[in-house]
Amino acid sequence: MSMVEGDVAEGVEAQAVPAGEWEREPHPSDSLRTFGAVVQALREHAGLSRAELAERVRYSKHTVESVELGRRMPDTPFVDRAEEALGNTGALRKAARYLTRGEAGLAAWFRRWARLEREAVSLCTYECRLVPGLLQSEAYARAVFEGTIPLRTDGELEAQLAARMERQAMMRERPTVPFSFIVEEHVFRRRFGDAEAMRELFDHVLERSAPRNVTLQVVPLEAGLHACLDGPLQLLETPAGQRLGYSEGQKNGRLISDPKEVSVLCQRYDTLRSQALNPKESRDLLERLRGEL
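Each residue is numbered by its place in its chain's sequence as written, counting from 1. Reporting of local features is limited, given that this is a predicted model, to residues whose pLDDT is at least 70; pairs of side-chain atoms are given and counted only at 80 or more, and all residues count toward the totals for whole chains, interfaces and linings. The basis for the side-chain values is all heavy atoms of the structure; hydrogens and waters are excluded.

Q: Could you clarify how one ought to interpret the nonpolar core in this entry?
A: Nonpolar side chains in soluble globular proteins tend to end up buried together. Only buried Ala, Val, Leu, Ile, Met, Phe, Trp, Tyr and Cys residues count toward a nonpolar core, and they belong to the same one when joined by side-chain atoms within 4.5 Å. Relative accessibility thresholds used throughout: buried, under 20% of the residue-type maximum; exposed, over 50%; partly exposed, between the two (1.4 Å probe, protein chains only). Grouped together as the largest cluster of nonpolar side chains are 34 residues, with contacts concentrated most on Trp113, Val131, Phe179, Phe181, Phe188, Val205 and Leu286. Of all the secondary structure elements, the ones that give two or more residues to this core are helix H6 (111–119), helix H8 (154–173), strand E2 (179–184), helix H9 (185–189), helix H10 (195–208), strand E3 (214–219), strand E5 (243–249) and helix H12 (279–291). With 6 residues, H10 is the single largest residue contributor to this core. The next biggest cluster of nonpolar side chains, apart from the first, holds 20 residues, and it includes Leu32, Tyr59, Val67 and Leu92. By the criteria applied, helices consist of DSSP H or I runs no shorter than four residues and strands consist of E runs no shorter than two, each listed in order from the N terminus.

In structure tokens form, the structure reads like this:
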């Protein structure tokens, strides 16, 4: 995933621990592993052993090792002291801006976007593959995860499901944030489970899209070709007023921060809004599809 500009990237967790120790990360992220590799490379370039670096940063050798292996999130004192001990190049402080914790149930490439979502002042989602995660019923989400290849263990599946349901909570907890969804009609026509499971899905989507801050529009089958055919798209605005985009494909995701690229994506989304059914027509369609079951 692309790096986010420093003003919107999450900073290093600033939790000072007197003895220089902190808990091991239960789910190491790619950014932690990369940061650790940078620390190790700079240490070796400086000709220091782990024990010698540990003495200079006033943390244990075990902590230094854990950071280098991506097993622990470094706190601010560690980053500052390691920076000074390893040449003051600025590399560690800059790299630390992009550190994220590993989170069970979230794909590595989606974690930063999931964190940005929680602080966004607006969120827009276009989907052409499946019901957006924020609108999925529990049974639908479970079916999606059960069909994933490679197969997940029961524990992994439950972790994914829990993360998905927890992520949905922000829609209930943030009633003044505008949430906009545009979804292709064929997504809702794709069957899963039995008729009762489908009715539950429609009920869930209708309930989640009922609040005044949530807008759901369906792109009808007869709408034909349109500007968003390149694939799923998400857009958000940060509290600082910066617009960011996110696109996702097979086993990867891309966070888009370049203003020109984001501007094009916003234009595409706005154009599709005018081509989709309005919110009332969209709800009527979903209720009709539910009644046909």
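Let's pick the thread back up.
Q: Is there a simple way to think about the confidence of the model for the protein in this case?
A: Low pLDDT marks regions whose predicted coordinates should not be analysed in detail. On a scale of 0 to 100, pLDDT captures the predictor's confidence in every residue. Averaged over the protein, the pLDDT score is 85; the fraction of residues at 70 or greater is 86%. The criterion used for residue contact is that any of the two residues' heavy atoms lie within 4.5 Å. Within the model, pLDDT remains below 50 along residues 1–26, and this stretch shows 77 contacts once partners closer than five positions in the same chain are excluded.

Q: What exactly am I supposed to notice about the pairing of strand E1 (residues 122–127) here?
A: Each regular strand shows side chains that alternate between the opposite faces of the sheet. The buried fraction of E1 amounts to 6 of the 6 residues, a majority that puts the element mostly inside the structure. Here E1 shows no split at all, with Ser122, Cys124 and Tyr126 on one side and Leu123, Thr125 and Glu127 on the other all buried. Only when DSSP finds a minimum of two bridges between them are two strands counted as paired. Pairing geometry for E1 and E2, over 5 bridges, is parallel. In the strand pairing of E2, Leu123 is matched with Phe179.

Q: Hey, could you run me through the state of the cysteines in this one?
A: Note on terminology: disulfide describes a covalent bond linking the sulfur atoms of two cysteines. A pair of sulfur atoms, both from cysteines and within 2.5 Å, is called a disulfide here. Scanning the model with the defined rule gives 0 disulfides in all. Free of any disulfide, Cys128 has its nearest neighbouring cysteine sulfur in Cys228, separated by 8.9 Å. Judged by relative accessible area, which is 21%, Cys128 ranks as partly exposed. Of the cysteine sulfurs around Cys266, a residue in no disulfide, the closest is that of Cys124, at 7.4 Å.

Q: What exactly am I supposed to notice about helix H11 (residues 259–275) here?
A: Residues separated by three or four positions in an α-helix point in the same direction, a consequence of the helix having 3.6 residues per turn. Working rule for helices: expected span equals 1.5 Å times residues minus one. For H11, with 17 residues, the first-to-last C-alpha span of 25 Å sits near the 24 Å given by 1.5 Å per residue. Residues Val262, Leu265, Cys266, Tyr269 and Leu272 constitute the buried set of H11. What you see down the axis of H11 is that its buried residues fit within an arc of 125 degrees, all on one side. Those residues of H11 that are exposed and aimed more than 90 degrees away from the buried face are Lys260, Gln267 and Ser274. In the core, the buried residues of H11 are packed alongside E1, E2, E3, strand E4 (233–237), E5 and strand E6 (252–256). For this analysis, a polar contact is any N or O atom pair within 3.5 Å, provided that within protein one partner can donate a hydrogen and the other can accept it, and provided that sequence-adjacent residues contribute only side-chain to side-chain pairs. N-cap assignment for H11: the residue whose side-chain oxygen lies 3.2 Å from the backbone N of Lys260 is Asp258. The arc in question is the one traced by the directions running from the helix axis out to the C-beta atoms.

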